[in-house]
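Descriptive analysis of the structure
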Amino acid sequence: MARSPAALALFALALLAGCSGSDRPAPGDSEPAPPTKPHRIGAVARPPSPDSPGEALAWRMLRWRDEHGRIAPDALPQALRVREQIAAADDGGVAPTAWVERGPSNISGRTRSLIIDPRDPNHLIAGSVGGGMWRSTDRAATWEPVDDWQPRLPIGCLTRDPSDPDVIWCGTGEGYFNSDALRGDGIYRSVDNGQTFAKLTATDGWSYVNRIAVSATDPLLVLAARDSGLFRTTDGGQSWTQVWSGETAFQVLFDPNVPTRAIASGRAGGAHSVLRSTDSGATWQPAQTGLVNVSGFNSRIELAAARSSGGWFYANCGANNGEIWRSTDGGATWSLRTGNYGNGAGWYYNTIWVAPTDANLVVFGSYYIYRSTNGGSSYTRISEGYIDTIQPHVDEHVLVEDPQWDGSTNRTLYVTTDGGVYRTSDVTTASRVGNSNWARLDNQYRTTQFYGAAGHGPTGVLIGGTQDNGTIRVSTLFGTTGNLTFGGDGGFCAIDWQDPRYTYGEYVRLQLHRSTNGGSSASYIYSGIADAGSSANFIAPFILDPNDPRRLLAGGRRLWRTNNARAATVSWQAIKPDVGSNISAIAVAPGQPDVVWVGHNDGRVYRSANATAASPTWVPVDDNGAADPLPDRYVARVVADHRDPNAAWVALGGFSPDNVWYTNDAGATFAVRAGSGLQRLPPAPVNGLCQHPTAGDVLYAGTEVGVFASEDGGATWSTNNLGPNNCSIDEVVFMNQSETLLAATHGRGLFTAAIVLPGVADLGPGCSGSTGSAPALALASPAEVGGTLYLSVTDLVPGQPAWFLLGFSGTVWNGTALPYDLGALGAPGCALRSSADLTFQALVAGDGRSGLLQPIPGDPALAGGHLFLQVLGGDPAANPRGVIVSNGLDVRVGR
């Protein structure tokens, strides 16, 4: 039978009267207080093309360059090293238990490599260019990441040792000049069939490894095609020699019939050529005729060997809108088989494959996939895919046959694309009509590359803009499946917090679109924005005014505004003139719609104090003058401080230090807010930055090397190696009307973390006793999941016992309201303010202090829960009952 509050209070008082103390020391005697530490977090309208890789190049590189236009060769490895030092020094502000993968689990990202175990066709390893290696053990029915914390996630190529399938070589980085190509960190090698990988230290600083070839007769002899040419090792990768120099080498392979012969493709002097070696790659010569010195950036050459016919090779060259060539003499001379087949961007998407059993069965891919049964003389298009379709996604990169291919009972072929992995069960009958013989293989292959995202807390809806996979909606209340809101490339996104039926996104260069049905579909609303489609960044900024969701601001060469974003016809007005550089960032001060900040590609920053006027006035905070405070780097984000309209943070691009700055005087002065020592941001672009909606000093930064957190406005920063993953973060933002952080990664999809900050509130005063003061109860350090509840109390009577009451309510206890007056029990003026669900006895030290250390379980479900606390202390001279009580505390458990 449950006891009443009065009975339990009497019971506690009786215990106090009869107890003789505790062995637990009071804080300050022999048990020091633990140090404080930071909190922890845890129907489609088709645009003209679903990708524009060439047009995006300058934009991405602009974000990486410093104010001198440079990207140091070792910039990324250096940033990663700094990150590792920071992570090792502090477990940081991002709790691993907080992160939740949000997918999409059905729309995958760009994949340039795929290998299949020759002993087990169910075992596949795919290499995502932004999301690392993924393994399937059920023939691609499902996937799981191999290692989210490999030092660098962009996978450029995978190769198995032909003499030992347990040995796998992995080249990182994507050296094909596309704008969102992510830099790698050399070559990794596995000797256990891909379970673990080790870095080859001799490849430190290798940013882009495009292809690796291992000799079939000597496993220590390996060739690598990378950004500066061809390299060769004869000792299994311990040392390397450059054997051909050029702007880049795209491919290299050994002749399967002549082990000492190898061919490669590369670009030097602005021209593309096939290269040949007859001494196992030690020396190289260009082809004699045909594919030599082919001009044009688009003329990248991909190669494939006809294994059933010695000396036969095929080439897919991007020149002249796509050409297929063949050599029958080991690559010395080449003849054109067909041309102008439709390869629009051969420098970016380009692949070719020859059947192992039939030298005339050739499949090649570019934007679509084609099949030839007569050695390339004629061809048939066999795919008609787009985004989120059964047919293969456009932009093909690699073709790989099933290891049990025999040309009769098994004619299975895999293809990797900008939308993941696909398969045909019979490539000889695969067709662009319907879904003939095609299958999507992206279940749980969560490798989508996002540029931006937004979320609505009450509905759990996420909207994200992606590379080549459009604008995608994910409803977290119903899982991780995404639906296509709008096609093409996506970018920035926004959701109307008052009416979430209205969501916003963009196609490239500020071609804004709007959904009026919560993201099921969308249509263009950029008519009237003269900059759209031409005079804007590839991924151009736009935002909803946080004070009025009917107002959109969008940046091209000029700043554009609409005050009727929900109207059937949206009207636009230019409110800031062209200053010679595209707008890259926009921010509106919460509570002050007239205060707007604008950043530019070249580092300039402007502020208006009357931005809602018909013709606002713009003050140059930084116009790149000699005395201006900020480095002249790409302005990635401006965050208006919600506590002060004169205050803002500015986040910059560039692999450089000091990429976050702060002003509290409307831009008159700025101070660096990137930390120092082992509590700093690494020298890497800060792509995204956001402020906690209620805790103004709490910031989160999305960088090229992960997520970082600060709880002091940027004075110090921390991170860890436990979440969400080692991936480029393009956006961090809080979901509307929530404390949930949304991270958009460029290769591992979307993640959310419920940010539950620890806190404490007073429940009311205590009562004084013989000391003349009421006991003062305080929380000595934040209460966090997996941490320690550390309480201290002063102004108790030395030598007397104390009881710490820990409860789960501050308003009711066993049906009786709190606070409960203890006057009737002989303690007038005293009140019980916390339920006494747990009690802990302690001894009061000679200075009148006592304390409690109590572990908090590591269960994530405890985050956001409340504990109610109070202390009863013995004081025989205070009242007839001989007790006094402290103030009560309401403690919020954070993470």
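Keep in mind that what you see is a predicted model, and the values were worked out from it rather than measured. (Residues numbered from 1 in each chain as written. Predicted model: local features only at pLDDT ≥ 70, side-chain atom pairs only at ≥ 80, totals over all residues. Heavy atoms only, no water.)

1. Looking at the overall build of the chain
Which entries qualify depends on this criterion: Each helix corresponds to a stretch of at least 4 residues labelled H or I by DSSP, and each strand to a stretch of at least 2 residues labelled E; elements are numbered beginning at the N terminus. Atoms counted for the radius of gyration: C-alpha only. Globule rule: 2.2 Å times residue count to the power 0.38. Accessibility here uses a 1.4 Å probe with only protein chains present; expressed as a share of the type maximum, an area under 20% marks a residue as buried, one over 50% as exposed, and anything in between as partly exposed.
Of regular secondary structure, the chain possesses three helices and 71 strands. The C-alpha atoms of the chain give a radius of gyration of 32 Å, which matches the 29 Å a tight globule of 895 residues would have. Once the C-alpha set of the chain is aligned to its principal axes, its extents read approximately 110 × 65 × 55 Å. Evaluated residue by residue, the chain yields a buried proportion of 61% over its 895 residues.

2. Points about the confidence of the model for the chain
To keep things clear, this is the line we draw: By definition, pLDDT measures how confident the predictor is in each residue, and it falls between 0 and 100. In what follows, residue pairs with any heavy atoms lying within 4.5 Å of each other are defined as contacts.
On average, the chain scores 90 in pLDDT, and the residues at 70 or more come to 91%. Every residue in residues 1-48 scores below 50 in pLDDT, and together they form 117 contacts with partners more than four places removed in sequence or on other chains.

3. Here we look at unusual backbone geometry
Look at the link from Gly103 to Pro104: it is a cis peptide, with omega at 5°. If you trace the backbone, Pro104 turns up in the loop between β1 (99-103) and β2 (111-116). Residue Leu818 is joined to Pro819 through a cis peptide bond whose omega torsion reads 5°. By the secondary structure assignment, Pro819 is in the loop between β64 (816-817) and β65 (820-821).

4. Remarks on the layout of surface pockets
To find the voids left in a structure, one rolls a probe of water-molecule size over its atoms. The line we're drawing: A 1.4 Å probe that fits but cannot get out identifies a cavity on a 1 Å grid over protein atoms alone, an open set with protein on both sides within 12 Å along at least five of seven lines counts as a pocket, and a residue lines either if it has an atom within 4 Å of a point. Grid points are joined across faces, edges and corners, and a volume is the space filled by probe spheres set on the points. Three classes are used: nonpolar for Ala, Val, Leu, Ile, Met, Phe, Trp, Tyr, Cys and Pro, charged for Asp, Glu, Lys and Arg, and polar for all others, with Gly counted as polar.
One number sums up the size of the largest pocket: a volume of about 1,400 Å³. Taken together, 43 residues form the lining of the largest pocket, with Thr159, Arg160, Arg307, Val400 and Glu401 sitting closest to its centre. Only β2, β6 (155-161), β10 (209-214), β14 (248-254), β19 (301-305), β23 (351-355) and β27 (396-401) provide two or more residues apiece to the lining of the largest pocket. Looking at the lining of the largest pocket residue by residue, the classes come out as 28 nonpolar, six polar and nine charged. The calculated volume of the second largest pocket comes to roughly 1,100 Å³. Residue lining of the second largest pocket: 35 residues in total, with Leu544, Pro546, Val733, Phe734 and Asn736 positioned closest to the centre. Listing elements by their share of the lining of the second largest pocket, those giving two or more residues are β31 (450-456), β35 (494-495), β39 (542-545), β43 (583-589), β47 (635-640), β53 (686-691) and β56 (729-734). Ranked by residues supplied to the lining of the second largest pocket, first place goes to β43 with five residues.

5. Structural notes on the pattern of salt bridges
Proximity of charged atoms lets side chains of opposite charge pair with each other. The line we're drawing: The term salt bridge refers to a side-chain nitrogen of Lys or Arg lying within 4 Å of a carboxyl oxygen of Asp or Glu.
If you walk through the whole model with that rule in mind, you get 35 salt bridges. Across the pair Arg633 and Glu67 runs a salt bridge whose closest N-O atoms are separated by 2.8 Å. Of this pair, Arg633 sits in the loop between β46 (619-622) and β47 while Glu67 sits in the loop between α2 (53-64) and α3 (75-89), placing them 566 residues apart in sequence. Glu384 is the partner of Arg432 in a salt bridge, and the nearest nitrogen-oxygen pair spans 3.1 Å. One end of the pair, Arg432, is in the loop between β29 (420-424) and β30 (438-440); the other, Glu384, is in the loop between β26 (380-381) and β27, and 48 residues separate them in sequence. Taken together, the salt bridges that share partners define one network made up of Glu101, Arg446 and Arg748.

6. Side note on the state of the cysteines
Cut-off, in case you're wondering: Criterion for a disulfide: a pair of cysteine sulfur atoms within 2.5 Å.
Under the defined criterion, the tally for this structure stands at one disulfide. The residue that forms a disulfide with Cys767 is Cys830, at a sulfur-sulfur distance of 1.9 Å. Taking the sign of the S-S torsion, 90° for the link of Cys767 and Cys830, the bridge is right-handed. Residue Cys767 is found in the loop between β59 (759-764) and β60 (776-779), and its partner Cys830 is found in the loop between β65 and β66 (831-832); the two are separated by 63 residues along the sequence. There is no split in this pair, since Cys767 and Cys830 are both buried. Left unpaired, Cys170 is separated from the closest cysteine sulfur, that of Cys157, by 6.8 Å. In this structure Cys170 comes out as buried when scored by relative accessible area, which is 0%.

7. Quick look at the nonpolar core
Here is the rule we go by: The definition of a nonpolar core used throughout is a set of buried Ala, Val, Leu, Ile, Met, Phe, Trp, Tyr and Cys residues joined through side-chain atoms within 4.5 Å.
In terms of nonpolar packing, the biggest core is built from 30 residues, with Tyr504, Leu510, Leu512, Ile529, Phe542, Leu552 and Trp572 touching the most fellow members. Ile86, Trp649, Phe655 and Ala684 belong to the second-largest nonpolar core, a separate cluster that totals 28 residues.

8. Points about the sheet that holds strand β24 (residues 358-365)
In plain terms, the rule: Any two strands with at least two DSSP-identified bridges between them are counted as paired.
Strand order in the open sheet made by the four strands is β23-β24-β25-β26, with antiparallel pairing throughout. With partners counted over all chains shown, the strands left at the sheet margins are β23 and β26, one partner each. Two elements, β24 and strand β25 (residues 369-372), share four bridges in a ladder whose sense is antiparallel. Looking at the pairing, Val363 lines up with Arg371 of β25.

9. Description of the environment of Leu361
Mapped onto the elements of the fold, Leu361 is located in strand β24. Along the primary structure Leu361 and Trp59 are separated by 302 residues, whereas in three dimensions their C-alpha atoms are 40 Å apart. Excluding residues that lie within four positions of it along the chain, Leu361 makes contacts with Trp353, Val354, Ala355, Arg371, Ser372, Thr373, Trp405 and Thr428.

10. Digging into the sheet that holds strand β12 (residues 229-233)
Our working definition: For helices, the fitted axis covers only the stretch in contact; all axes are lines through C-alpha atoms, and the angles between them, taken along N-to-C directions, range from 0 to 180 degrees.
The sheet built from four strands is open, its strands ordered β10-β11-β12-β13 with antiparallel pairing. The open sheet has two edge strands with one neighbour each: β10 and β13 (241-245). Each strand of the sheet is rotated relative to its neighbour by a mean of 20°, with strand direction disregarded. The pairing of β10 with strand β11 (residues 222-226) spans five bridges and is classified as antiparallel. In the strand pairing of β11, Arg211 is matched with Ala225.

11. Section: the side chain of Ser710
For the record, the criterion: We call two N or O atoms a polar contact when they sit within 3.5 Å, provided that within protein one can donate a hydrogen and the other can accept it, with sequence-adjacent residues counted only if both atoms are side-chain atoms.
Residue placement: Ser710 occurs in strand β55 (residues 706-710). Of note is the side chain of Ser710, whose polar atom sits 2.8 Å from the side chain of Asp712. Within the structure, Ser710 has its side chain in polar contact with the backbone nitrogen of Gly714 (distance 2.8 Å).

12. Overview of the side chain of Asp66
In this fold, Asp66 is placed in the loop between α2 and α3. The exposure class assigned to Asp66 is buried, which follows from its relative accessible area of 16%. Polar side-chain contacts of Asp66 include one of 2.8 Å to the backbone nitrogen of His68. Among residues more than four places away in sequence, those in contact with Asp66 are Arg633, Gly654 and Ser656.

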